[in-house]
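An overview of the molecular structure
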Amino acid sequence: MSAEDQKKAAAEEAVKHINAGNKVGLGTGSTANYFIAALARRAKEGLDVTCVPTSQASRTLAESLGLKMSSLDETPYLDITVDGADEFDSKFRLIKGGGGAMHREKLVASSSQFVVVIADQSKQVKTLGKFPLPVEVSRFGVKATAWKMERAFAYLGLSAKMAVRVRDGKPFITESGNPIIDCSLGSIPDPEKVEGYLNNIPGVIETGLFIGICGIIYVAGPKGVTELKRA
């Protein structure tokens, strides 16, 4: 089973959680796209759901497949959000933001009663940090914010290689109008402490650390899909 097949299998398991009348948060990225497609198939079979996307890309896909859409302002309380992850550990802590949508993803996820993550087994790690940690920052004073972040990492004993994200030769800008600084740390032994320090820095909009948010993970491997539940 290829990595793409694994993502699709995890999405098919997650869609079983969706019930008639649910208000569903839609994640962003290749794995979330498989869930959106699976949910749309169920909707065509008669399942009535309302969806809140975390990005324009997810909205465009969902609308093209016929899903009923809303916004977080119109629908501030959601039953469930299903999304992918760039990394997750045994304590259900995540790194997200490879697609640059983590600010909106966190807003939607934290407005949901349940959050389900779908991933292939390559995303499961013992310690977070191999995947660069994305941090969305204010477009005003990017270098000043980066300097403060670097000092915070050093204080925490972490060696960080930091770079403003570039895509197609241009600085990447989120849908909220902000740049992202990708922080290559190698290892994040204490994600809670890192998140706390970063969130206290003026100029930091959001980090890609998702802690205490996810309750169920469907992780797919060559032999099938395993359901993990946070105690």
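Residues numbered from 1 in each chain as written. Predicted model: local features only at pLDDT ≥ 70, side-chain atom pairs only at ≥ 80, totals over all residues. Heavy atoms only, no water.

**Quick notes on the packing of aromatic side chains**
- Applying the stated rule across the entire model yields one aromatic pair.
- On the basis of an interplanar angle of 35° and a centroid distance of 5.7 Å, the ring pair of Tyr 155 and Tyr 197 is categorised as tilted. Placement of Tyr 155 in helix α5 (residues 142-155) and of Tyr 197 in helix α6 (residues 191-199) is noted, with a sequence separation of 42 residues between them.
- Classification of Tyr 155 by relative accessible area gives exposed; the value is 62%.
- The class for Tyr 197 is partly exposed, based on a relative accessible area of 33%.
- The ring of Phe 210 has Lys 96 lying over it, and the distance from NZ or CZ to the ring centre is 5.6 Å.
- In this structure, Lys 106 packs its charged tip against the face of Phe 210, placed 4.8 Å from the ring centre. (Phe/Tyr/Trp six-rings, centres within 6.5 Å; stacked < 30°, edge-to-face > 60°. Helix = DSSP H or I, 4+ residues; strand = E, 2+ residues; numbered from the N terminus. Buried < 20%, exposed > 50% of the residue type's maximum accessible area, 1.4 Å probe, protein only. Lys NZ or Arg CZ within 6 Å of the ring centre and 35° of its normal.)

**Quick look at the pairing of strand β8 (residues 133-137)**
- For β8, a buried count of five out of five residues is recorded, marking the element as mostly surrounded by other parts of the structure.
- Every second residue of β8 is oriented toward a common face, with Leu 133, Val 135 and Val 137 on one face and Pro 134 and Glu 136 on the other, all of them buried.
- Looking at chain direction, β8 and strand β12 (residues 180-184) are connected through four bridges and run antiparallel. Bridging from a neighbouring strand, Val 135 pairs with Ile 181 of β12. (Pairing = 2+ DSSP bridges.)

**Here we look at the nonpolar core**
- Counting 25 residues, the largest nonpolar core has Ile 18, Val 24, Leu 26, Phe 35, Leu 39 and Leu 67 as its most contacted members.
- Of all the secondary structure elements, the ones that give two or more residues to this core are α1 (3-14), β1 (23-26), α2 (30-44), β4 (78-83), β7 (112-120) and β15 (216-221).
- For this core, the leading source of residues is α2, giving five residues.
- Beyond its immediate stretch of four places on either side in the chain, Val 24 contacts Ile 18, Phe 35, Leu 39, Val 49, Thr 50, Cys 51, Val 52 and Ile 80.
- Judged by nonpolar contacts, the second largest core, of 22 residues, contains Leu 133, Val 142, Ala 146 and Val 194. (Core = buried A, V, L, I, M, F, W, Y, C linked by side-chain atoms within 4.5 Å. Contact = heavy atoms within 4.5 Å.)

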